[in-house]
Amino acid sequence: MAVTSRDDDDVFDQILSGLGTAPEGGPDGTAGDAPAGAPARLSWVDPATCVMWGRHNRAYDKLTPESCRELIDSMRAQGRQEFPAVVRRLSPEASAARGGALFEVICGARRHFAVSWLRAQGLGFLYLVEERGLADEEAFRLADIENRERKDLSDLERARDYADALDLYYGGRQRTMAQRLEVSEAWLSRYLQLARLPAEIVEAFASAGELKELHARALRPMLAEAEHKVIAEARAIAREQERARRGEGDAVHTARVLSRLRGAWKGPKPDKGVRGLVFRRSQHESGVVMRRKGRSVTLEFSDSLSEAALRAALEAYLEHRFRG
């Protein structure tokens, strides 16, 4: 049975029961002694002595006080960090290469960020760590157990982590990896499909966090049958998303992204009552009508069609014309 992050918290709660308030730390501010009665492997350290493991699956640079607000407020109310992060000690060579850091964090990036932020506010917090001797594959599995149920880790971050681990630790053997993670092979396969989506598809979404594992399942038949058409539409959507980030329009929401990609997959079809093919961004727009007469082609569109809608329709036409 797979262990969840809640199970980890229960274990950590038992370990930490009876601990006193976090110590203030030594004169150099680098570490404090573990509270009396605590297991020897637990210690309070300056978070500056810790760096993230290179294979950590959380984007540390994306963490903000707002995204960690609940954790920060909880620590401030408790006066300490409740559950230890898991770290492993760096070798002297690795320490020198990483600016003199003593530990690398396997699990506990958000706790590290929260404690670091609280210290920057002048509060005497230290980082509670549990040091373990872990091989890379063991570190990966431990991090996965802790983060599998976390809502703030995106499906895409998790999927890319799995894809990297498949080659790094399991020789590309999906069944072996699923067994080690104690998940079904089908469940793992769905995340690997997400990790393998073309970059153009990922960029079509307003943010990577909006792209879910279930979307990869929906996109799979589209890419299998009409990859070049779907990717052409994804590129057009990505340009709109970029303009929206510059404040030059509205972002394309997830449901609309999927609708437009699905429309590109099905391709232009004759409209009832219209002679010719219709190319358009969505079913709610009139789009561009293509009519043939002999060797001539005529494109017609409404004068009220927006620039974005016209560009998308013309790009769909060009894709059909030269690659369809």
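Presented here is a report on the structure given in the accompanying data block. Given the structure is predicted, the values throughout are model-derived calculations rather than measurements.

The rules behind each value
- Residues numbered from 1 in each chain as written.
- Predicted model: local features only at pLDDT ≥ 70, side-chain atom pairs only at ≥ 80, totals over all residues.
- Heavy atoms only, no water.
- Axes fitted to C-alpha atoms, helices over the stretch in contact; angles between N-to-C directions.
- Helix = DSSP H or I, 4+ residues; strand = E, 2+ residues; numbered from the N terminus.
- Parallel < 35°, antiparallel > 145°, perpendicular 65-115°, else oblique.
- Contact = heavy atoms within 4.5 Å.
- Nonpolar A, V, L, I, M, F, W, Y, C, P; charged D, E, K, R; others polar.
- Pairing = 2+ DSSP bridges.
- Salt bridge = Lys/Arg side-chain N within 4 Å of Asp/Glu carboxyl O.
- Buried < 20%, exposed > 50% of the residue type's maximum accessible area, 1.4 Å probe, protein only.
- Arc of directions from axis to C-beta.
- Phe/Tyr/Trp six-rings, centres within 6.5 Å; stacked < 30°, edge-to-face > 60°.
- Lys NZ or Arg CZ within 6 Å of the ring centre and 35° of its normal.
- Patch = residues over 30% accessible without salt bridge, like charges linked within 9 Å, V, L, I, M, F, W, Y side chains within 5 Å.
- Areas by Shrake-Rupley, 256 points an atom, 1.4 Å probe, with all protein chains shown as cover.
- Polar contact = N/O pair within 3.5 Å; in protein donor to acceptor, adjacent residues only side chain to side chain.

1. Re the packing of helix 6 (residues 155–170) against helix 7 (residues 174–181)
Here is step 1 of the chain: Taken N-terminus to C-terminus, the directions of helix 6 and helix 7 make an angle of 105°; their axes are 10 Å apart at the nearest point. Relative to helix 7, the element helix 6 is oriented roughly perpendicular. Residues Tyr162, Ala165, Leu166 and Tyr170 of helix 6 touch helix 7, and the partners they reach there are Gln174, Thr176, Met177, Arg180 and Leu181.
Here is step 2 of the chain: Tallied by class, the residues present in the contact of helix 6 with helix 7 amount to six nonpolar, two polar and one charged.

2. Section: the sheet that holds strand 9 (residues 296–301)
Here is step 1 of the chain: Taken in spatial order, the three strands make up an open sheet running 7-8-9, and their pairing is antiparallel. Sheet topology places strand 7 (277–279) and strand 9 at the edges, where each strand pairs with a single neighbour. Between one strand axis and the next, the sheet turns through 30° on average, direction left out of account.
Here is step 2 of the chain: With three bridges connecting them, strand 7 and strand 8 (residues 288–293) associate as antiparallel partners. What sits directly across from Phe279, in strand 8, is Val288.

3. Notes on the pattern of salt bridges
Here is step 1 of the chain: The full count for this structure, using the stated rule, is 23 salt bridges.
Here is step 2 of the chain: Between Asp161 and Arg55 there is a salt bridge whose closest N-O contact spans 3.2 Å. Placement of the pair is Asp161 in helix 6 and Arg55 in the loop between strand 3 (50–52) and helix 2 (69–78), with a sequence separation of 106 residues. One exposure class covers both Asp161 and Arg55, and it is buried.
Here is step 3 of the chain: The partner of Arg235 in a salt bridge is Glu200, and the shortest N-O contact between them spans 3.3 Å. Note that Arg235 is positioned in helix 10 (residues 213–245) and Glu200 in helix 9 (residues 199–203), a separation of 35 residues in sequence.
Here is step 4 of the chain: One network of salt bridges, in which partners are shared, links Arg88, Arg98, Glu104 and Asp136.

4. Quick word on helix 2
An α-helix turns once per 3.6 residues; consequently, residues spaced three or four apart project the same way.
Here is step 1 of the chain: The complete set of buried residues in helix 2 reads Leu71, Ile72 and Met75. In an axial view of helix 2, the angular spread of the buried residues amounts to 100°, which keeps them on one side of the axis. Exposed positions of helix 2 whose direction lies more than 90 degrees from the buried face are Glu70 and Ala77.
Here is step 2 of the chain: On its buried side, helix 2 packs onto helix 4 (109–120).
Here is step 3 of the chain: Note on helix 2: the residue one or two positions beyond its end, Gly79, has a positive phi of about 80°.

5. Comments concerning the packing of aromatic side chains
Here is step 1 of the chain: All chains considered together, the criterion is met by nine aromatic pairs.
Here is step 2 of the chain: Plain terms: the ring middles of Tyr169 and Tyr170 are 6.3 Å apart, the flat faces sit at 90° to each other, and that makes the pair edge-to-face.
Here is step 3 of the chain: Taking relative accessible area as the criterion, Tyr170 reaches 3% and is therefore assigned buried.
Here is step 4 of the chain: Here Arg69 stacks its cationic end above the ring of Trp117, 5.4 Å away from the centre of that ring.

6. Overview of the side chain of Gln241
Here is step 1 of the chain: Along the polypeptide, Gln241 turns up in helix 10.
Here is step 2 of the chain: Residue classification places Gln241 among the buried residues on the basis of a relative accessible area of 2%.
Here is step 3 of the chain: Those residues in contact with Gln241 that lie beyond four places of it in its chain are Glu203, Ala204, Phe205, Ala206, Ala251, Val252 and Val257.

7. Thoughts on the environment of Ser286
Here is step 1 of the chain: Positionally, Ser286 belongs in the loop between strand 7 and strand 8.
Here is step 2 of the chain: If near-sequence neighbours (up to four positions away) are discounted, Ser286 is found in contact with Val278, Arg280, Ser302 and Leu305.

8. Brief notes about a nonpolar patch on the surface
Here is step 1 of the chain: A cluster of nonpolar residues, Val297, Leu299 and Leu314, forms a patch on the protein surface that exposes about 190 Å² of accessible area.
Here is step 2 of the chain: Its place among the elements puts Leu314 in helix 12 (residues 307–323).

9. As for the side chain of Glu104
Here is step 1 of the chain: With respect to the secondary-structure elements, Glu104 resides in strand 5 (residues 103–107).
Here is step 2 of the chain: A residue is classified by how much of its surface remains accessible, and Glu104, at 9% relative accessible area, is buried.
Here is step 3 of the chain: Here the side chain of Glu104 touches Arg88 through a polar contact of 2.5 Å, side chain to side chain.
Here is step 4 of the chain: Within the structure, the side chain of Glu104 is placed 3.5 Å from the side chain of Arg98, a separation counted as a polar contact.
Here is step 5 of the chain: Dropping the residues within four chain positions of it, Glu104 is found in contact with Val51, Met52, Trp53, Val86, Val87, Arg88, Leu90 and Arg98.

10. A short note on the pairing of strand 6 (residues 127–131)
The side chains of a regular strand alternate between both faces of the sheet.
Here is step 1 of the chain: Of all five residues that make up strand 6, four are buried, and the element is covered over most of its length.
Here is step 2 of the chain: Of the pairings in the sheet, the one linking strand 2 (residues 42–45) to strand 6 comprises four bridges and is antiparallel in character. Bridged to Leu42 within strand 6 is Glu130.
Here is step 3 of the chain: Across three bridges, strand 4 (residues 85–89) lies against strand 6 in parallel orientation. Residue Val87 lies in a different strand from strand 6, and its bridge partner there is Glu131.

Structural measurements only, silent on function.
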